[in-house]
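# An overview of the molecular structure
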Amino acid sequence: MPLSSRHLLGLQGVPKEDIQLILDTATTFREVLERPIKKVPTLQGKTIVNLFYESSTRTRISFELAEKRLSADTVNFAVSTSSVKKGESLKDTIKNIEAMKIDMVVIRHAAAGTPLYLTKICNSNIINAGDGTHEHPTQALLDMYSIRERFGGLEGLKVCIVGDIAHSRVALSNIYGLKTMGAKVSVCGPSTMIPRNIEELGVDVIYDIDEAIQENDVLNVLRIQLERKAREYFPSIREYATYFGITKERLDKHGKDVLILHPGPINRGVEISSEVADGSDQIILTQVTNGVAVRMAVLYLLGTQN
Ligand code: CP
């Protein structure tokens, strides 16, 4: 059964059946990653360009590994050594790359809506690897995969997204995806970092981190995005850590199991303490491993439907 779209731009409006199909397909690829030879011939002959206009460690390497493990030909575009530095526009850049006969583009860009724009001017399948503060669909899919793997399902599960909700593409994609899959979603953070009217997306708002820990099965703890001026939204980093940081003492105080996720990169000692980031309540590196399988599933489903 194919996906309902030939692109993955975000999780807003993506049907439950599509998310289910991606997560189920990822389970098959997760098994491939445990084999001595972690490679299948599924996308042999396909060419995929990874176009990262913003920095990335996890997403870029994860997509590249996923492509290689599906036997696709991959090209990594580095803005710093490209003709973008000579002033070439995004449109001219992508048109020239497409003229070299490619099949799929994975794009990360600081401007929200860039992946959608590419669908208007390209013939390739477009996958959003994070567009500004808009969406980061494969991160949310790997988060959902990892939660589902732990709990056996998502329906009825209580998931709280903690931190800078206003500037987070991870938060928005998680909200759309988790709501579609039947989870009960809340957000927690300083009032300055919670968008007005977010309740209209069907989420509860919690301003007290202890209440968030007490009431939820899962906390997805977001990075404080210092590069997006997040520092201006609370008095000091120390104060943020005091009121919203996830520490072992805080978790122990509640005496209940709550699963901790973090999309990375981590600000240790700010949104999460080192003890929690390396401790038994978290699945941060499991998320990273699962990310390769989830991206293999997305690439396979999009790359074989034409
Ligand atoms: N989670 C995430 O998107 O990490 P990178 O910015 O390193 O890709």
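What counts and what doesn't
- Residues numbered from 1 in each chain as written.
- Predicted model: local features only at pLDDT ≥ 70, side-chain atom pairs only at ≥ 80, totals over all residues.
- Heavy atoms only, no water.
- Core = buried A, V, L, I, M, F, W, Y, C linked by side-chain atoms within 4.5 Å.
- Buried < 20%, exposed > 50% of the residue type's maximum accessible area, 1.4 Å probe, protein only.
- Helix = DSSP H or I, 4+ residues; strand = E, 2+ residues; numbered from the N terminus.
- Domains from an automatic or database assignment.
- Contact = heavy atoms within 4.5 Å.
- Near = heavy atom within 4 Å.
- Polar contact = N/O pair within 3.5 Å; in protein donor to acceptor, adjacent residues only side chain to side chain.
- Areas by Shrake-Rupley, 256 points an atom, 1.4 Å probe, with all protein chains shown as cover.
- Nonpolar A, V, L, I, M, F, W, Y, C, P; charged D, E, K, R; others polar.
- Buried area = accessible area lost by both parts, 1.4 Å probe.
- Salt bridge = Lys/Arg side-chain N within 4 Å of Asp/Glu carboxyl O.
- Pairing = 2+ DSSP bridges.
- Right-handed = clockwise from strand over helix to strand, strands pointing away.
- Phe/Tyr/Trp six-rings, centres within 6.5 Å; stacked < 30°, edge-to-face > 60°.

Turning our attention to the nonpolar core. One recurring pattern in soluble globular proteins is that nonpolar side chains are buried together. By size, the foremost hydrophobic cluster in this structure holds 61 residues, and its most contacted members are Ile127, Leu141, Met144 and Leu299. For this core, the leading source of residues is helix H11 (residues 284-303), giving nine residues. Looking at which domains feed residues into this core, each of domain 1 (16-135 + 288-303) and domain 2 (137-287) gives three or more. Discounting chain neighbours no more than four positions away, the residues touching Leu141 are Leu8, Leu11, Ile19, Ile22, Leu23, Val294 and Val298. One finds Ile206, Ile213, Ile272 and Ile284 within the second-largest nonpolar core, a separate group that totals 23 residues.

Around the ligand sit Ser56, Thr57, Arg58, Thr59, Arg108, His136, Gln139, Pro263 and Gly264, and that is every residue in its neighbourhood. Here an oxygen atom of the ligand sits 2.6 Å away from a polar atom, N or O, in the side chain of Thr59. Gly264 places a polar main-chain atom, nitrogen or oxygen, 3.2 Å from a nitrogen atom of the ligand. For the ligand, whose accessible area on its own is 260 Å², the fraction buried by protein is 91%. Taken together, the residues of the shell around the ligand break down into one nonpolar, six polar and two charged. Both domains that furnish three or more residues to the shell around the ligand are identified here as domain 1 (16-135 + 288-303) and domain 2 (137-287).

On to the environment of Leu222. In this structure, Leu222 sits in the loop between strand S8 (218-221) and helix H8 (237-244). Leu222 sits 40 residues away from His262 along the chain, and the two C-alpha atoms are 6.0 Å apart.

Let us now look at the domain arrangement of the protein chain. In terms of domain boundaries, the protein chain breaks down into domain 1 (16-135 + 288-303) and domain 2 (137-287). Spacing between the C-alpha centres of domain 1 and domain 2 amounts to 26 Å. At the interface, 29 residues of domain 1 touch 29 residues of domain 2. Here domain 1 and domain 2 share an interface that buries about 2,400 Å² over both sides, 56% of which is from carbon and sulfur atoms. On the domain 1 side of the contact with domain 2, Leu23, Glu135 and Asn290 bury the most area, a combined 26% of that side's loss. Our count for the contact surface shared by domain 1 and domain 2 stands at three salt bridges. The partner of Arg169 in a salt bridge is Glu54, with the nearest N and O atoms 3.0 Å apart. Put simply, domain 1 and domain 2 have 18 residue pairs in polar contact (both at pLDDT 80 or more) between them. Secondary structure elements with two or more residues in the side of domain 1 that touches domain 2: helix H1 (16-32), helix H2 (58-69), strand S3 (104-109), strand S4 (125-131) and H11. Looking at the side of domain 1 that touches domain 2 element by element, the count peaks at nine residues for H1.

Taken across its five residues, strand S6 (residues 184-188) has four buried, putting it largely inside the fold. When strand S5 (residues 158-162) meets S6, the two strands line up parallel, connected through five bridges. Across the sheet, the residue bridging to Val159 is Val185, located in S6. A crossover connection joins S5 to the parallel S6 through helix H6 (residues 169-180); in handedness this β-α-β unit is right-handed. Bridge count for S6 against strand S7 (residues 204-206) is three bridges, and the pairing is parallel. If you follow Val187 over to S7, its bridge partner there is Val205.

Looking now at the pairing of S5. Burial of S5 is extensive: four of the five residues sit out of reach of the surface. Two strands pair when backbone bridges link them, and S5 and S8 are joined in this way by four bridges, in the parallel orientation. Paired with Val159 across the two strands is Val218, which belongs to S8.

Here we take up the packing of aromatic side chains. Taken as a whole and assessed by the stated rule, the structure comprises four aromatic pairs. Ring plane angle 40° and centroid distance 5.1 Å describe the contact between Phe234 and Tyr240, whose orientation is recorded as tilted. Just as Phe234 is buried, Tyr240 falls in that class too. Cluster of aromatic residues (ring-pair linked, three or more members): Phe234, Tyr240 and Phe244.

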